[in-house]
Amino acid sequence: MNPRATLSYRLEVNRKMLHISSLWMPCIIYHLDHPSAAIVLGIALIATLIFELLRRQQHNIAVRLNTIFGAILRPHETSAGRQMTGATYVLIAALTVCLVFPKPVAVTSLSIMLL
């Protein structure tokens, strides 16, 4: 195993807290109607995809990301911007379950994934 692939206990806890903070997504799906929730999640996904694109093309954005989140990102997420961060995949999943499944299934499955 790559020694950089594991984080210290404190950093791993911080990373898990970030995951828990993502529970805003199932809350959005629960409290809004499906079209409104899809719009909110879609806007968040578009913003994240733009950020990912800029991060790949603009070195200063990649450096800033590493400065802010580098301690809790996995090495493959920080390596020269070649792979998307987990946040992008989570937003893709949130939008997908919002569009495909009924509200109870979407909220439950997304909450379980995030926890």
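This text follows the structure it describes.
None of the values given here were measured: they were computed from a predicted structure. (Residues numbered from 1 in each chain as written. Predicted model: local features only at pLDDT ≥ 70, side-chain atom pairs only at ≥ 80, totals over all residues. Heavy atoms only, no water.)

### Thoughts on the overall build of the protein
- Helices and strands together make up the secondary structure of the protein, namely 7 helices and 0 strands.
- For the protein, the N- to C-terminal ordering of α and β elements is α-α-α-α-α-α-α.
- Residues classed as buried in the protein amount to 35% of the 115 residues present.
- Counting only contacts in the protein whose residues sit at least 6 apart along the sequence, the fraction spanning at least 24 positions is 68%.
- Summed over its atoms, the accessible surface of the protein is roughly 7,300 Å², and 70% of this surface lies on carbon and sulfur atoms. (Helix = DSSP H or I, 4+ residues; strand = E, 2+ residues; numbered from the N terminus. Buried < 20%, exposed > 50% of the residue type's maximum accessible area, 1.4 Å probe, protein only. Contact = heavy atoms within 4.5 Å. Areas by Shrake-Rupley, 256 points an atom, 1.4 Å probe, with all protein chains shown as cover.)

### Description of the nonpolar core
- Membership of the largest hydrophobic core comes to 17 residues, with the highest contact counts inside it found for M25, I29, L41, C98 and L110.
- Listing elements by their share of this core, those giving two or more residues are α2 (24-31), α3 (34-57), α6 (86-100) and α7 (103-114).
- Broken down by element, this core gets its largest block of residues, 6 residues, from α6.
- Filtering out sequence-adjacent residues up to four positions away, C98 remains in contact with I29, H34, A37, A38, L41 and A106. (Core = buried A, V, L, I, M, F, W, Y, C linked by side-chain atoms within 4.5 Å.)

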